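Architecture at a glance
Letter by letter, the chains look like this.
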Amino acid sequence: MPVSSGFRGSVAALAATAAVTLVVPLATVAPAADAASAKRPDLTVVQAATTATSVAEGDTLTVRHAVRNKGRAGAGASTTRFYLSTDVARSLADREQSRTNPRTSVLDVLLTGTRAVPAVGAGRTSTLTTTKVTVPVGTPAGRYDVLVCADDGGAVSESDEAHNCAPAAKPVTVQAAPGSADLRLESFADTYPWPEDEDDAVSWMSIFCSSSYPVQPMTLPAAVASVRKGLADKAGADALDELDRSGLADTAVEAQQLAAAATLDESPGLAMAALLRAHELRPADAGNLVNAAALATSIGMPNEAIAFLDAAAVRSFPRPALGISQQAIAMVVRGQALLMTGRNADAARMFTAAKAREPMLSEADAGLANVKACGGDKAAAARYVRASRQRSQVPDPTPPTGPEDRPDPEIDLSQGVSSQLRQLPIATTPAQGVAMDDVYKDLQQELGQEVVAHVDEESALQQHLRDTDDARTDAEKDRRDSILRLVYQTHEDPDLRSAWSHIEDEVDGLTEQREGFFGGGTGEAPYTYGTLADDAWDTCDGSTDPNCWIKTMNATCRPKLTSAHQEWRLRLQDLRSSLTSYFATWSKRTSGYASNLLDEEANRLALLTIEEQETNYYAIVVQSARAWTHLENLYEKECVTPLDTEALDTPGATGAESNGACPAPLKAMSFVLAAGPTSLKVNCEQVQQELSAEVLPLVSAFVEVTYDFRAGTVTVVAGSKGGGKVGDVVEAGFKSGIYLTMDAKNGGLNDVGWRVGPSATVGHGPVEVGVYNDEMDLSFISAPPAR
């Protein structure tokens, strides 16, 4: 958990896992001996021993000892306390440098139980006594020395306060209690996603390295007074007294419950006031002071936190939650306070000791990450950040060397089901695009209504969950919320990210193609329609035909748009296919997460996300379709529907070589001359000759040459055709083939492309009448026809 000066760090602290900032080594000033101190008593421990060499956590151990007064004055009554130490020399050194009274070493485990020692005269030794002490539950198994400390309450003013402790003659081995493994948390994992790397966390930690609080040693009363003053300054002078009178904290348990509730409600001031009240009602409980220290670090009071922890060191700890050592938690909090006051080396020692004593406290790794970040070792800091992401009971005091494997968060994705994206019909020709423009427009409106309905249902579900959350445990709410977060972040999967990037490129390609033909965007780049329009104006410059421009545009734009439409249709099909594939993968993963939500409303909320995204993805296809067909509809006259040029022509505008427009009934009528495999058709506009040979029943290969003497062009079509006659009168067929159109005068190539479509004629003898023709030319070239 990263270091934070904000309040949220205190939530974990009061939940008995320790906050996450850091600070505070003990100052190293020993009082000098003087003449007055030489006449004081001086207590030491002699004949320290245990009656057993092995004990289980939670069991009692019998310790013998006597207290000798080496001083020149009598000593009043005092109290002996007992500790477990893994390093006697370090413990004694810590106590010699400690400025607390009694002197302490945070590395020691305080045993439950004390021995009252009566007054001891100068040069005398107390009676040898035995004391039963209890090894706290949660004490890590291992080998310890029993440290016996005289006057551990600091009641006697001595000439030398630095040697009140002595180890028992033989060490003891602490064993895990039978069945305790069943009560301990072996590993921990939640469903919130891990960051992809640790660089951001390390950079964030480094920001606070240059700022620290000045060191200010405090006694417990001074620390309590400082905190109370800070609370009064912010909440009012009577706020603490009002809490005392409120009835919400009349007992220590009620005060602790109020502190926990205030922490979860993000009210650090009330939480701290409640903890001080709990300490006031139960001053011997070290747990209240440790929690207050953790909260103090999170609100920027590290010196007060250290004073609380010093006082907690000589008090009894309650039974630990989940078997996690409360003294190890105190080490982590002390390390945080030390780091906040700039004593990084001492902080590192605290974190390392806490990690060795209680591997479950991954907060120790987070603290070491802070130490490394402030020391400039970002690589090591990143490794500690990774290590802090999981809890494990397996002791590992060595620095992490590589990525941590995340524990299984128990998410079952096997029940995921792929959903399908709605399929949109795509216009195959510009004429269909014009006809379907209103269809796409209506779909857009319907999709907007779907979005509104989804938002309303989502709001209702979220409100229902909030209204019923009081009936759920914190664990249930946390798991639900973390799974919903996975649902909302499914798209962050690397494969899906890559697929979505491809979809964005396809959408951009459609936009670029549309703007490349019809214009748009910044308007600076040339576009096909604009170029054709300019060319048409140039062509008609000086013409006496008032319809020259529209006729020229219609003749040049239609083949261009037909070709561009086919490209657009293929692009849109590719986009639809990509979105369909993406949605199938995304919805399967998302529904897999949703299947882990037992709450009916939460499950529906997750599944609603799938419906919402289906609407969004389908809307992308519809929007891309409408953006194109709307422009085809807008420019239908110029680029889509062939003009009836005869209707536009005026008597004065007919060509010099023409006797006027050819009536439509005559254009549809041909005189046919058949001679074996060839036929010749003639009407008032053109002469057409066709050579065909049957290659399969009802399928023929053909070559067709047409001379249009009004347009002055020659067109050659070669391909295949199929069809047959109904009786001897009606013939229906379908042609498909390559066409070339050339200028009959200069032989230049006007156009080349693919001609495809059905036709039907009614004929008898040498006369045929065309009753239906839907042949369409798909141009292969982008240059405008020759004029």
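Residues numbered from 1 in each chain as written. Predicted model: local features only at pLDDT ≥ 70, side-chain atom pairs only at ≥ 80, totals over all residues. Heavy atoms only, no water.

1. A short note on the overall build of the protein chain
In terms of regular secondary structure, the protein chain is built from 23 helices and 20 strands. Counting all 787 residues of the protein chain, 44% fall into the buried class. Considering only residue pairs separated by 6 or more positions, the protein chain has 70% of its internal contacts joining residues 24 or more positions apart. Summed over all atoms, the accessible surface of the protein chain reaches about 38,200 Å², with 54% contributed by carbon and sulfur. (Helix = DSSP H or I, 4+ residues; strand = E, 2+ residues; numbered from the N terminus. Buried < 20%, exposed > 50% of the residue type's maximum accessible area, 1.4 Å probe, protein only. Contact = heavy atoms within 4.5 Å. Areas by Shrake-Rupley, 256 points an atom, 1.4 Å probe, with all protein chains shown as cover.)

2. With respect to a negative patch on the surface
Judged by side-chain charge, E504, D505, D508 and E512 come together as a negatively charged surface patch. Checked against the element boundaries, E512 lands in helix α17 (residues 494-518). (Patch = residues over 30% accessible without salt bridge, like charges linked within 9 Å, V, L, I, M, F, W, Y side chains within 5 Å. Salt bridge = Lys/Arg side-chain N within 4 Å of Asp/Glu carboxyl O. Lys, Arg positive; Asp, Glu negative; His and termini not counted. Charge placed at Lys NZ, Arg CZ, Asp CG, Glu CD.)

3. Concerning the confidence of the model for the protein chain
For the protein chain, the mean per-residue pLDDT works out to 79, and 73% of the residues sit at or above 70. Helix α1 (residues 8-17) is the least confidently modelled element of the protein chain, averaging 31 in pLDDT, while strand β3 (residues 60-69) averages 95, the highest of any element. Throughout residues 181-188 the model reports pLDDT below 50, and contacts reaching past four residues in sequence, or to other chains, amount to 18 contacts. Within the model, pLDDT remains below 50 along residues 782-787, and this stretch shows 12 contacts once partners closer than five positions in the same chain are excluded. (pLDDT = per-residue confidence, 0-100.)

4. Things to note about the pattern of salt bridges
All chains considered together, the criterion is met by 22 salt bridges. Here R472 and D469 are joined by a salt bridge, their closest N and O atoms 2.9 Å apart. Exposure remark for D469: the relative accessible area of 14% places this residue in the buried category. Ionic pairing is found between D545 and K551, a salt bridge with its closest N-O pair at 2.5 Å. K551 sits in the buried class, given a relative accessible area of 18%. Several salt bridges share partner residues, and in doing so they unite D469, R472, R480, D481 and D599 into one network.

5. Description of helix α18 (residues 528-539)
Along its 12 residues, α18 runs 16 Å from first to last C-alpha, staying within 8% of the 16 Å computed at 1.5 Å per residue. Within α18, the full set of buried residues consists of Y529, G530, L532, A533 and A536. End-on view of α18: buried residues confined to an arc of 165 degrees, all on one side of the axis. Where α18 is buried, its residues contact α17, α19 (548-594) and α21 (636-639). (Expected span 1.5 Å × (residues − 1). Arc of directions from axis to C-beta.)

6. A closer look at the packing of aromatic side chains
Note on aromatic pairs: each is described by the distance of the centres and the angle between the planes. Under the defined criterion, the tally for this structure stands at 13 aromatic pairs. With a centroid separation of 5.2 Å and an interplanar angle of 50 degrees, the aromatic rings of W500 and Y582 are classed as tilted. Placement of the pair is W500 in helix α17 and Y582 in helix α19, with a sequence separation of 82 residues. The exposure class assigned to W500 is partly exposed, which follows from its relative accessible area of 24%. With centroids separated by 5.7 Å and ring planes inclined at 10 degrees, the aromatic side chains of F518 and Y635 adopt a geometry described as stacked. Remark: Y635 occurs in the loop between α20 (600-634) and α21 and F518 occurs in helix α17; sequence separation between them is 117 residues. Note on accessibility: F518 and Y635 belong to one class, buried. (Phe/Tyr/Trp six-rings, centres within 6.5 Å; stacked < 30°, edge-to-face > 60°.)

7. A look at the packing of helix α10 (residues 302-312) against helix α11 (residues 326-340)
It is the contact of α10 with α11, at a shortest axis distance of 9 Å, that shows an interaxial angle of 150 degrees. One way to sum up the angle between α10 and α11 is to call them roughly antiparallel. Considering how the two elements wind past one another, α10 and α11 form a crossing that is left-handed. Of the residues in α11, those in contact with P302, A305, I306, L309 and D310 of α10 are A330, V333, R334, A337, L338 and M340. Grouping the constituent residues of the contact of α10 with α11 by class yields 9 nonpolar, no polar and 2 charged. (Axes fitted to C-alpha atoms, helices over the stretch in contact; angles between N-to-C directions. Parallel < 35°, antiparallel > 145°, perpendicular 65-115°, else oblique. Left-handed = near helix turned anticlockwise from the far one by under 90°. Nonpolar A, V, L, I, M, F, W, Y, C, P; charged D, E, K, R; others polar.)

8. Quick look at the nonpolar core
The biggest cluster of nonpolar side chains holds 66 residues, and the ones touching the most others in it are V227, L231, M272, L276 and F308. Top contributing element to this core by residue count: α11, with 9 residues. The next biggest cluster of nonpolar side chains, apart from the first, holds 44 residues, and it includes F518, A536, L572 and I610. (Core = buried A, V, L, I, M, F, W, Y, C linked by side-chain atoms within 4.5 Å.)

9. Looking at the side chain of N69
By the element assignment, N69 lies in strand β3. Within the structure, the side chain of N69 is placed 2.8 Å from the backbone oxygen of A73, a separation counted as a polar contact. Here G121 takes part through its backbone oxygen, which lies 3.3 Å from a polar atom of the side chain of N69. If we ignore the near neighbours within four places in the chain, the residues touching N69 are P41, D42, L43, G74, A75, V120, G121, A122, G123 and R124. (Polar contact = N/O pair within 3.5 Å; in protein donor to acceptor, adjacent residues only side chain to side chain.)

10. So, the state of the cysteines
The full count for this structure, using the stated rule, is 3 disulfides. A disulfide bridge connects C149 with C165, and the sulfur atoms are separated by 2.0 Å. The sign of the 115 degrees torsion about the S-S bond sets the C149-C165 disulfide as right-handed. With C149 in strand β7 (residues 142-149) and C165 in strand β8 (residues 165-167), this residue pair connects regions lying 16 residues apart in the sequence. Looking at C165, the relative accessible area reads 15%, which means it is buried. Each sulfur of the disulfide joining C540 and C548 lies 2.0 Å from the other. Here C540 and C548 share a disulfide; its torsion about the S-S bond, -85 degrees, makes the bridge left-handed. (Disulfide = S-S within 2.5 Å.)

11. Notes on the environment of L111
Here L111 lies in strand β5 (residues 109-117). C-alpha of L111 to C-alpha of R315: the two residues are 204 residues apart in sequence and 9.7 Å apart in space. Apart from residues no more than four positions distant in its own chain, L111 is found in contact with F82, Y83, L84, V133, T134, V135 and P136.

12. Re the environment of S736
With respect to the helices, strands and loops of the structure, S736 is situated in strand β17 (residues 730-743). S736 gets classed as buried once you look at its relative accessible area, which sits at 17%. S736 sits 35 residues away from A701 along the chain, and the two C-alpha atoms are 9.9 Å apart.

13. Concerning unusual backbone geometry
Most peptide bonds are trans, and most residues other than glycine sit at a negative phi. Although it is not a glycine, Q47 sits at a positive phi angle of roughly 60 degrees. Summarising the element assignment, Q47 is placed in strand β1 (residues 43-50). One non-glycine residue with positive phi stands out, namely D151, at about 45 degrees. Within the secondary structure layout, D151 lies in the loop between β7 and β8. Among the residues examined, D151 registers a relative accessible area of 3% and is labelled buried.

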